[in-house]
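Coordinate inspection notes
In case you want the letters, here they are:
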Amino acid sequence: MGFLKRLSCLHCSAACLHCCAVVVISLLCCERGIAADQRPNIVFVFSDDHAVQAIGAYGSRINETPNIDRLAKEGAVFERSFCANSICGPSRACILTGKHSHINGFLRNGNRFDGSQTTFPPLLQQAGYQTAMIGKWHLGTDPVGFDYWEVLQGQGNYYNPDFKQMDGSRKRREGYCTDIVTDLSLEWLKEQRDPSKPFMLMCQHKAPHRNWAPAARHFKLFKDDVPEPETLRDDYAGRVELLKENEMTIRNHMHWEHDMKFHGENLFPKYFVGKHTNGEYRRMTPKQKKVWDEQYEAPNQAFIKQMKAGELSDDEILSWKYQRYIKDYLRCIAAVDESVGRLLEYLDETGLAKNTIFIYSSDQGFYLGEHGWYDKRWMFEESLKMPFLIRWPGVVPAETRSTAIIQNIDYGPTFLDVAGAEVPAAMQGRSLLPVLQNQCKAPSDWRDAIYYAYYENASVHEVPVHDGVRNDRYKLMYFPRGSKWQLFDLEKDPQEMKSVHDDPAYAEVFTGLKKRYKDLRDFYDVNTATIPATRGDEAWWSERDKAKTAQAKQGNVDLAFIGDSITQAWEAGGKGVWQQYYADRKPINLGFSGDRTEHVIWRLQHGNFAKIKPKVAVLMIGTNNTGHLMQDPAEVAAGVKRILEILAERSPKTRVVLHGVFPRGRTPIDAGRLNNVAINQIIRRFADGKRVQYLDIGDSFLESDGSLSKEIMPDALHLSVEGYKRWAKALEPVLVELGL
Ligand code: CA
């Protein structure tokens, strides 16, 4: 063992346990002259939106999942298994890359996954594994690193789904999606598997994703009402106001056709959203439609009759909607559970089971009425948790319950480690192998907390950007909009009904977790100043953004001012000066009050520079990174640098006047002032004397003792008319020099 350890250390200075296992495997292979076929196969069954509250082995009160539960009986259940970004595409990207969203670039659904980056499947292939991916992919680009793949188009459909083939063609397959994905997976195992190689099969279901269209054989399930969760009627008291703003409540945001399975016009707009039709129904064959209608029409008509008669209270209507939703959701899971059963059965029959790791997971959790919600996204437990059950005969003891804190960024490193392949150092997750080989107990050097971040604001369901940390007992969340913290004691308040961030009894915990939050962000290289961020969930911002984009689409701009409120106020306090200096120079004002570098990055990439190629761009940004977060100057400077790069990409000939961030605070020792000074010390180096000129005019606003007067900056941040005059005067010679 000493020899092996020394060898492993040569391999890699850290993570000796990992490497040791790898070396053991490869040495054994060499010594015994056996090929890779002794390495375990991996079957990874991955569903979409399957919450742990709807899995027997996790203590479901509302359904049974006998086949998934077999994994728990014969293997392990991970009770502290979390996602990194609770939404479909991003979770998949985290798994493939072993990296958080801000590093792998897939922040939001609708992004296109850069398949050329390092992911685990091609590395598994290189290590001698045969790889297959069947079912929901949802990353916009084609799968990379699979010997075989057949994937659903986009979100995929439950009924008669279309699959994209490896040759680029589409094939419609009649039947029920969960069954088809299982059939195709079994077919691959039976017909295409190369018995001389270990394999990795990814069987990925659309179910139980919205709009929860069950297979006909499961209509008979759940004749009785399903118990409601205790928090179905949550009023969101005791937590950040933002919780009330989202659009994912069962009470107000269920669609008449799409979610609730009615036909025709939305008869009760007060209670249902009318927007989405039921696309699944329209795909069905006449026979499928007939069976469907036999299930839904009678109860639908009965409900409509009661509604018209005014017999139902608002609360009863909510209950009715919950039942319609949860029963369909759980019926969809019944098919997923059967899929797991069929795959397990095949492995048993063929004897493959004993050397196959079988994992069941889902891309994130889901609200099954908790907090009144459906959907996911929030960092609350129900959607933060991911199921993770694993059966690995001979390694993972039966009936194990693990409390090790794991995350989806760990999956890729784990698969590679199991295969004896090197885990790229850039992957941020950790191989679970040392946990699995330790009766699923966390080794002493295991992580104590996870980092989470959600980015898809200003989109469907209107959930705001937030991030945070969770350890074994507490959860800290941060909402950049309004700079709000939330702290939950999961031991005393498992349903997360009251934030204790302002409770003096938790002052120490709060301080400690804020430190952990900062440390984890450093550890995972999170710099929000460089991560494109929209504020489209704020109405005025969204409107201004649209107007500026419309103007930018017209082109014909010679001078662009880019920045925050100080720039925007050229349209207010600075208006007269603007008229005098810039009105006839084809200008555009791209200043948005409250913007930080990340918002400018978003805007420049999403239309604000649509068709303009200005001669000169004047950039002054960063004081809100200071004012809102007192962000590290190096991070803010990286944001400024990113903006300069985007300008170079979009309009290489534009000359940029990069202003030093204006002074703020009354005195020279104001903390915000000093932060801005530190930012400037870095960004001044971005000037290349050609495309980018650095211009620090801070002194022109200051008194001789370094103070800021009320006459120049009334609030010690924004300029007076006199302030704008001084800005224009200082800038003018440079503009002239640049040919404007
Ligand atoms: Ca999902």
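One numbering rule holds for all chains: residues counted from 1, following each sequence as written. In view of the model being predicted, local features appear only for residues whose pLDDT reaches at least 70, and side-chain atom pairs are presented and counted only at 80 or more, with totals across whole chains, interfaces and linings using the full set of residues. To obtain the side-chain values, all non-hydrogen atoms of the structure were included, while hydrogens and water were left out.

As for the layout of surface pockets
To locate leftover empty space, one rolls a probe as large as a water molecule over the atoms. Only protein atoms enter the 1 Å grid, on which a cavity is a set of points fitting a 1.4 Å probe that cannot get out and a pocket is an open set with protein on both sides within 12 Å along at least 5 of 7 lines, lining residues being those with an atom within 4 Å of a point. Grid points are joined across faces, edges and corners, and a volume is the space filled by probe spheres set on the points. Estimated volume of the largest pocket: approximately 840 Å³. Forming the boundary of the largest pocket are 42 residues, of which Tyr-478, Pro-480, Arg-521, Thr-528 and Leu-629 lie nearest the centre. Only DSSP runs of H or I covering at least 4 residues are called helices, and only runs of E covering at least 2 are called strands; the numbering of each starts at the N terminus. Every element with two or more residues in the lining of the largest pocket is listed here: strand E13 (449-454), strand E14 (466-471), helix H14 (507-523), helix H18 (597-605) and helix H19 (623-629). Considering each element in turn, the lining of the largest pocket owes the most residues, 5 residues, to H14. Of the residues contributing to the lining of the largest pocket, the split by class is 18 nonpolar, 10 polar and 14 charged. Split by domain, the lining of the largest pocket shows at least three residues from each of two domains, domain 3 (465-526) and domain 4 (537-737). By volume, the second largest pocket amounts to about 730 Å³. Along the wall of the second largest pocket there are 26 residues; nearest its centre are Val-52, Gln-53, Glu-370, Glu-382 and Lys-385. Polar here means any residue other than Ala, Val, Leu, Ile, Met, Phe, Trp, Tyr, Cys and Pro, which are nonpolar, and Asp, Glu, Lys and Arg, which are charged; Gly is therefore polar. Per the annotation, domain bounds derive from an automatic or database assignment of domains.

Topic: unusual backbone geometry
The omega angle of the peptide bond from Ala-207 to Pro-208 is -5°, so this bond is cis rather than trans. Within the element layout of this structure, Pro-208 appears in the loop between strand E8 (199-204) and helix H8 (279-283). A positive phi angle is found at Asp-525, which is not glycine, with a value near 55°. Considering the arrangement of structural elements, one finds Asp-525 in the loop between H14 and helix H15 (539-553). Phi at Ala-716 is positive, roughly 65°, even though this residue is not glycine. Its location among the elements puts Ala-716 in the loop between strand E21 (692-695) and helix H22 (721-737).

Some thoughts on the pairing of strand E9 (residues 356-362)
Buried residues are those whose accessible area, probed at 1.4 Å on protein chains only, stays under 20% of the maximum for their type, while exposed residues exceed 50% and partly exposed ones sit between those limits. The element E9 is extensively covered by neighbouring structure, given that 7 of its 7 residues are classed as buried. Side-chain alternation along E9 places Thr-356, Phe-358, Tyr-360 and Ser-362 on one buried face and Ile-357, Ile-359 and Ser-361 on a second face that is also buried. We call two strands paired when DSSP finds no fewer than two bridges between them. Pairing between strand E1 (residues 41-47) and E9: 7 bridges, direction parallel. Counterpart to Phe-44 in the pairing with E9 is Ile-359. Judged from the 4 bridges that link them, E9 and strand E10 (residues 388-391) form a sheet pairing that is antiparallel. Its bridge partner being in E10, Tyr-360 is matched across the sheet by Leu-389.

Brief notes about the packing of aromatic side chains
Aromatic contacts are taken between Phe, Tyr and Trp rings whose centres are within 6.5 Å, Trp giving its six-membered ring; a plane angle under 30 degrees counts as stacked, one over 60 as edge-to-face, and the others as tilted. In the structure shown here, the tally under the stated rule is 57 aromatic pairs. Considering the side-chain rings of Phe-219 and Tyr-296, the 5.7 Å spacing of their centres and the 85° angle between planes classify their relative orientation as edge-to-face. In this pair, Phe-219 is assigned in the loop between E8 and H8 and Tyr-296 in helix H9 (residues 286-308), connecting sequence segments 77 residues apart. In terms of burial, Phe-219 and Tyr-296 fall into one category: buried. Taking the centre distance of 5.4 Å and the plane angle of 90° together, the rings of Trp-570 and Tyr-582 count as edge-to-face. Highlighted residues: Trp-570 in the loop between helix H16 (565-568) and helix H17 (575-581) and Tyr-582 in the loop between H17 and strand E18 (587-591), separated in sequence by 12 residues. Side by side, Trp-570 and Tyr-582 carry an identical accessibility label, which is buried. In this structure an aromatic cluster arises from ring pairing among Phe-561, Trp-570, Trp-578, Tyr-581, Tyr-582, Phe-662, Phe-701, Tyr-724 and Trp-727. We count a charge as sitting over a ring when the NZ of a lysine or the CZ of an arginine lies within 6 Å of the ring centre and within 35 degrees of the ring normal. For the cation-ring pair, Lys-514 lies above Phe-510, with the distance from its terminal atom to the ring centre recorded as 4.1 Å. Against the face of Phe-592 rests Arg-544, its NZ or CZ located 5.0 Å from the ring centre.

Section: the coordination of the calcium ion
The protein atoms that coordinate the calcium ion are Asp-48 (OD), Asp-49 (OD), Cys-88 (SG), Asp-363 (OD), Asp-363 (OD), Gln-364 (OE1) and Gln-364 (NE2), at distances of 2.2 to 3.0 Å. We call an atom a donor if it is N, O or S and sits within 2.8 Å of the metal, or 3.2 Å for Na, K and Ca. Water is not counted, so some sites may look partial. Mapping the donors of the calcium ion onto the primary sequence yields the spacing D-D-x38-C-x274-D-Q. Placement of Cys-88 in helix H4 (residues 88-97) and of Asp-363 in the loop between E9 and helix H11 (381-384) is noted, with a sequence separation of 275 residues between them. Classification of Asp-363 as buried rests on a relative accessible area of 0%.

Examining the packing of H18 against helix H20 (residues 633-650)
Structural elements are reduced to axes, namely lines fitted to C-alpha atoms, with helices fitted over the stretch in contact, and the angle between N-to-C directions of any two is expressed from 0 to 180 degrees. Contact geometry of H18 with H20 gives a least axis separation of 9 Å together with a crossing angle of 15°. It follows from the interaxial angle that H18 and H20 lie roughly parallel. Crossing of H18 against H20: the hand is left-handed. Across from Thr-597, Val-600, Ile-601, Leu-604 and Gln-605 in H18, the residues of H20 making contact are Val-636, Gly-639, Val-640, Arg-642, Ile-643, Ile-646, Leu-647 and Arg-650. An angle below 35 degrees is treated as roughly parallel, one above 145 as roughly antiparallel, one from 65 to 115 as roughly perpendicular, and anything else as oblique. Throughout, a crossing is termed right-handed when the near helix is turned clockwise from the far one, and left-handed when it is turned anticlockwise from it by less than a right angle. The contact definition used throughout considers only heavy atoms, calling two residues in contact when any of these lie within 4.5 Å.

Structural notes on H18
Among the 9 residues in H18, 8 count as buried, and that is most of the element. Restricting attention to buried positions, one finds in H18 the residues Thr-597, Glu-598, His-599, Val-600, Ile-601, Trp-602, Arg-603 and Leu-604. Contacts made by the buried residues of H18 are with H15, strand E17 (559-563), E18, H19 and H20. Taken from the residues just after H18, Gly-607 is the one with a positive phi, measuring 120°.

A few points about the domain arrangement of the protein chain
Interfaces are often described in size by the accessible area the parts lose on coming together. Along its sequence, the protein chain is organised into domain 1 (39-212 + 332-441), domain 2 (236-328), domain 3 (465-526) and domain 4 (537-737). Taken together, the contact pairs 6 residues of domain 2 with 9 residues of domain 3. A simple way to read buried area is as the amount of 1.4 Å-probe accessible surface that goes missing from two parts once joined, with both sides added. Summed over the three residues of domain 2 that lose the most area to domain 3, namely Arg-239, Val-240 and Leu-242, the buried surface amounts to 74% of that side. By definition, a salt bridge exists where a carboxyl oxygen of Asp or Glu is found within 4 Å of a side-chain nitrogen of Lys or Arg. Here domain 2 is connected to domain 3 by 1 salt bridge. For Arg-481, the salt bridge is made with Glu-245, and the minimal N-O distance between the two is 3.5 Å. Each polar contact in these results corresponds to two N or O atoms within 3.5 Å; when the atoms are within protein, one needs to be able to donate a hydrogen and the other to accept it, and residues that are neighboring in sequence are counted only if both atoms are side-chain atoms. For the interface between domain 2 and domain 3, the tally reads 5 residue pairs in polar contact (both at pLDDT 80 or more). Looking at side-chain class alone, the side of domain 2 that touches domain 3 contains 3 nonpolar, 1 polar and 2 charged residues.

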